[in-house]
Amino acid sequence: NAGVTQTPKFQVLKTGQSMTLQCAQDMNHEYMSWYRQDPGMGLRLIHYSVGAGITDQGEVPNGYNVSRSTTEDFPLRLLSAAPSQTSVYFCASRFRGKTEAFFGQGTRLTVV
Amino acid sequence: QQQVKQSPQSLIVQKGGISIINCAYENTAFDYFPWYQQFPGKGPALLIAIRPDVSEKKEGRFTISFNKSAKQFSLHIMDSQPGDSATYFCAASMGLSGGSNYKLTFGKGTLLTVNP
């Protein structure tokens, strides 16, 4: 049981490049979400999903796309990276009706 | 609009002392208040949580105090240890019983340092 797995752990992108941050969970959780963590800003919700095929925007969705084709995977896509997207990204999952969210170890992204 | 305000930003405590971190919220619809602990290079992990129908919850050295009328809650770490040095986040969510509990609103975090 690996929990929530995020790949890659580190990534450097050039402005304008695109990439996908991967998130997979093996706990059969219905809910998955993406947060970004910036110094002094806490964790801010980017996008979330309540089940396969269902996604919605969080607090800071601009510049990011998501899809959820399976229960296990919830990738986050940056279509055209900008320096403002330099951050640490966390994926989280939980059971519907349960309160505890489980976080991955994060992806540290630098956009130059 | 920041819905959960956390203070202080940083806190230094001597080993054996009491660490206190405070949070205030604005939305009275919030009905679940967890605290998450994050060590460097790791993701946040649930430490302890409370619902508004109780005023205090204790788990080992960690206690949440909740004041519904003041819309405030706090984390107390008794007998603080160097291993408690981490960033602590308070959070809140709503609709626990209604099923919309997938969105957590976090405070900005408190960096706790416990000196030996």
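Remember, predicted model here, so these are calculated numbers, not experimental data. Position numbers for residues count from 1 along each chain, tracking the sequence in the order it is written. Each chain is given a letter, starting from A, and each ligand a number, starting from 1, according to the order in which they appear as written. Confidence filtering applies because this is a predicted model: local features only for residues at pLDDT of at least 70, side-chain atom pairs given and counted only at 80 or more, and all residues used for totals across whole chains, interfaces and linings. Water and hydrogen atoms were dropped before computing side-chain values, which therefore reflect all heavy atoms in the structure.

Describe the sheet that holds strand β1 (residues 4-7) of chain A, naming the residues involved and giving the relevant values.
All names here are of chain A. Taken in spatial order, the 4 strands of this open sheet run β1-β3-β8-β7, and their pairing is antiparallel. Both outer strands of the open sheet, β1 and β7 (64-66), are each paired with one neighbouring strand and no more. Averaged over all adjacent pairs, the angle separating strand axes in this sheet is 20°, with direction ignored. Here a strand pair is declared whenever DSSP counts at least two bridges between the two strands. Helix numbers and strand numbers start at the N terminus; a helix is a DSSP run of H or I with at least 4 residues, a strand a run of E with at least 2. The pairing of strand β3 (residues 19-25) with strand β8 (residues 76-78) spans 3 bridges and is antiparallel. Looking at β8, one finds that L21 is bridged to L76. Axis angles are defined between N-to-C directions and span 0 to 180 degrees, where every axis is a line fitted to C-alpha atoms and, for a helix, only to the segment in contact.

Tell me about the nonpolar core, and please be specific about residues and values.
Judged by nonpolar contacts, the single largest core of 24 residues is most densely connected at F33, W35, F73, L75, Y88 and L112 of chain B. Residue assignment for this core shows that the elements contributing at least two residues are β2 (10-14), β3 (19-25), β4 (30-38), β5 (45-50), β7 (62-67), β8 (72-77), β9 (86-94) and β11 (110-115) of chain B. Looking at which element gives the most residues to this core, the answer is β9 of chain B, with 4 residues. In what follows, a contact means two residues having at least one pair of non-hydrogen atoms within 4.5 Å. If near-sequence neighbours (up to four positions away) are discounted, L112 of chain B is found in contact with L11, V13, S19, I77, D84, S85, A86 and Y88 of chain B. By nonpolar core we mean a set of buried residues, namely Ala, Val, Leu, Ile, Met, Phe, Trp, Tyr and Cys, connected to one another through side-chain atoms within 4.5 Å. Working definition: with a 1.4 Å probe on protein chains only, accessible area under 20% of the residue-type maximum means buried, over 50% means exposed, and in between means partly exposed. Core analysis: the second largest hydrophobic core is formed by 19 residues, V4, M27, F74 and L76 of chain A among them.

Could you give me a rundown of the interface of chain B and chain A, with the residues and numbers involved?
In this assembly, 19 residues from chain B lie in contact with 20 residues from chain A. Buried area counts how much accessible surface, traced with a 1.4 Å probe, disappears from two parts once they are put together, with both parts' losses summed. In this assembly, chain B packs against chain A so that about 1800 Å² is buried in total across both faces, 55% of it on carbon and sulfur atoms. The term salt bridge refers to a side-chain nitrogen of Lys or Arg lying within 4 Å of a carboxyl oxygen of Asp or Glu. Applying the counting criterion to the chain B and chain A interface returns 0 salt bridges. Throughout, the ten residues Ala, Val, Leu, Ile, Met, Phe, Trp, Tyr, Cys and Pro are labelled nonpolar, Asp, Glu, Lys and Arg are labelled charged, and all others, Gly among them, are labelled polar. Looking at the side of chain B that touches chain A, its residues break down into 9 nonpolar, 6 polar and 4 charged.

Give a description of unusual backbone geometry that names residues and reports values.
Cis geometry marks the peptide bond from T7 of chain A to P8 of chain A, where omega comes out at -5°. Secondary-structure assignment places P8 of chain A in the loop between β1 and β2 (10-13). Cis peptide bonds are those with omega within 30 degrees of zero, and the linkage from S7 of chain B to P8 of chain B qualifies with -5°. Along the chain, the position of P8 of chain B falls in the loop between β1 (4-7) and β2. Not every positive phi belongs to a glycine, and N28 of chain A is a case in point at roughly 60°. N28 of chain A gets classed as exposed once you look at its relative accessible area, which sits at 52%. Positive phi, close to 55°, is recorded for K71 of chain B, a residue that is not glycine. Tracing the sequence through the fold places K71 of chain B in the loop between β7 and β8. The partly exposed category is assigned to K71 of chain B, whose relative accessible area is 29%.

Please set out the state of the cysteines residue by residue, giving values where relevant.
Two cysteine sulfurs form a disulfide in these notes if their separation is within 2.5 Å. Tallied over the entire structure, the rule returns 2 disulfides over all chains. Each sulfur in the disulfide pair C23 of chain A and C91 of chain A lies 1.9 Å from the other. An S-S torsion of about -70° defines the bridge between C23 of chain A and C91 of chain A as left-handed. In this pair, C23 of chain A sits in strand β3 while C91 of chain A sits in strand β9 (residues 87-94), placing the two residues 68 residues apart along the sequence. Judged on exposure class, the residue C23 of chain A and its partner C91 of chain A are both buried. In this model, C23 of chain B is linked to C90 of chain B through a disulfide, with the two sulfur atoms separated by 1.8 Å.

How would you sum up the packing of aromatic side chains? Please name residues and give values.
In summary, the pairing rule links any two rings of Phe, Tyr or Trp, Trp by its six-membered ring, whose centres are within 6.5 Å, and it sorts them by plane angle into stacked for under 30 degrees, edge-to-face for over 60 and tilted for everything else. Inspection of every chain in the model, using the stated rule, returns 15 aromatic pairs over all chains. Ring centres of Y35 of chain A and F103 of chain A lie 5.8 Å apart, and the angle between their planes is 45°; on these two criteria the pair is classed as tilted. Taken as a pair, Y35 of chain A in strand β4 (residues 31-38) and F103 of chain A in strand β10 (residues 102-103) lie far apart in primary sequence, 68 residues in all. Look at Y35 of chain A and you get buried, because its relative accessible area is 2%. Counting every residue linked through ring pairs, the aromatic cluster contains Y25, F30, F33, W35, F66 and F73 of chain B.

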